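Close look at the chain arrangement
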Amino acid sequence: MKISASFTKQFEWETLQSEKLRAAILAAYAAFSFIYILCISLIVNNQSTSIDNAPVPVTLLAFLTCLFIYEYTVNRILNYRLKRFKTIHRHFKYLTALVEVGIITAMLYVYSIYFKKNSLLSDVVMVSLYYLIVFLSSFYLDKIISLVTGTVASVAYTILNLMEQENISPSAAGELMYNRHFIYATGILLFFCGIAAAFMANQLRKGIMRTVELVEDENKLFHLFSRQISTEVAKE
């Protein structure tokens, strides 16, 4: 078997390993967020008066549960394919990226409604979640997927925040975070983060390909010289 053919299979296997790790990270993040929000809600209610008590954000927790189940399922599917040395369809990656952004957008919309009195906190969490999704897209080692994820996250963030402009808090921080120009700037930054993730994924892929090309060139030279001289000298 040629080195290029064997490398192609190995590269696909390594890509699946990377995608499997990405799904595991997001599943762990969803589980941690679920526990964190639930604990915070219970602590706040226990320390507040009955008048100030707020219900546990069940809808938000349901979205986190859906995200965890989805990522865990993706992780298991990839693990199944790895054990049988089978690749996965390219469109599966796009579907996964779009579903993740969709779940997080819906979840953060609920979050912004539930915590709309604290717009600064909700916006910080919102941006960090989108950044996490965009940067983890580089695990796919596919620049197109990173660009698509960055673009979708940018558009979803911008639309979601423009919809929430009417619910901003009267504080100066809230007015700043939900200022139309600030929203557009943050959306553009998310798009450029997608470009950065795409560049990183592409550079990693190119670096691996260059390494393989060098190995193939060395292999060709070795076979060429080994026909004319001894194997020991050819190795040197």
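Located above this text is the structure these notes cover.
Throughout what follows, the structure given in this document is the object of discussion.

Analysis parameters
- Residues numbered from 1 in each chain as written.
- Predicted model: local features only at pLDDT ≥ 70, side-chain atom pairs only at ≥ 80, totals over all residues.
- Heavy atoms only, no water.
- Phe/Tyr/Trp six-rings, centres within 6.5 Å; stacked < 30°, edge-to-face > 60°.
- Helix = DSSP H or I, 4+ residues; strand = E, 2+ residues; numbered from the N terminus.
- Buried < 20%, exposed > 50% of the residue type's maximum accessible area, 1.4 Å probe, protein only.
- Axes fitted to C-alpha atoms, helices over the stretch in contact; angles between N-to-C directions.
- Parallel < 35°, antiparallel > 145°, perpendicular 65-115°, else oblique.
- Nonpolar A, V, L, I, M, F, W, Y, C, P; charged D, E, K, R; others polar.
- Contact = heavy atoms within 4.5 Å.

This part takes up the packing of aromatic side chains. Between two aromatic rings, the relevant description is the distance of the centres plus the angle of the planes. The tally for this structure, following the rule as stated, stands at 5 aromatic pairs. Seen in terms of ring centroids, F32 and Y36 are 6.1 Å apart; in terms of plane orientation they differ by 20°. Their pairing is stacked. Of this pair, F32 and Y36 both sit in helix 1 (residues 3-47), 4 residues apart, which is roughly one turn of that helix. Between the aromatic rings of F191 and F192, the centroid separation amounts to 5.9 Å while the plane-to-plane angle is 65°, which identifies the pairing as edge-to-face. With relative accessibility at 32%, the residue F191 sits in the partly exposed group.

Geometry of a packed helix pair, given as the angle between the helix axes and the separation of the axes. Relative to each other, helix 5 (residues 143-163) and helix 7 (residues 180-226) sit at 170°, their axes nearing to 7 Å. With respect to helix 7, the axis of helix 5 lies roughly antiparallel. Its residues assigned to classes, the contact of helix 5 with helix 7 shows 13 nonpolar, 10 polar and 2 charged.

If you trace the backbone, S138 turns up in the loop between helix 4 (119-136) and helix 5. Take S138: its relative accessible area is 7%, and that puts it in the buried class. Contacts of S138, omitting those with residues within four sequence positions, involve S146, A197, M200 and A201.

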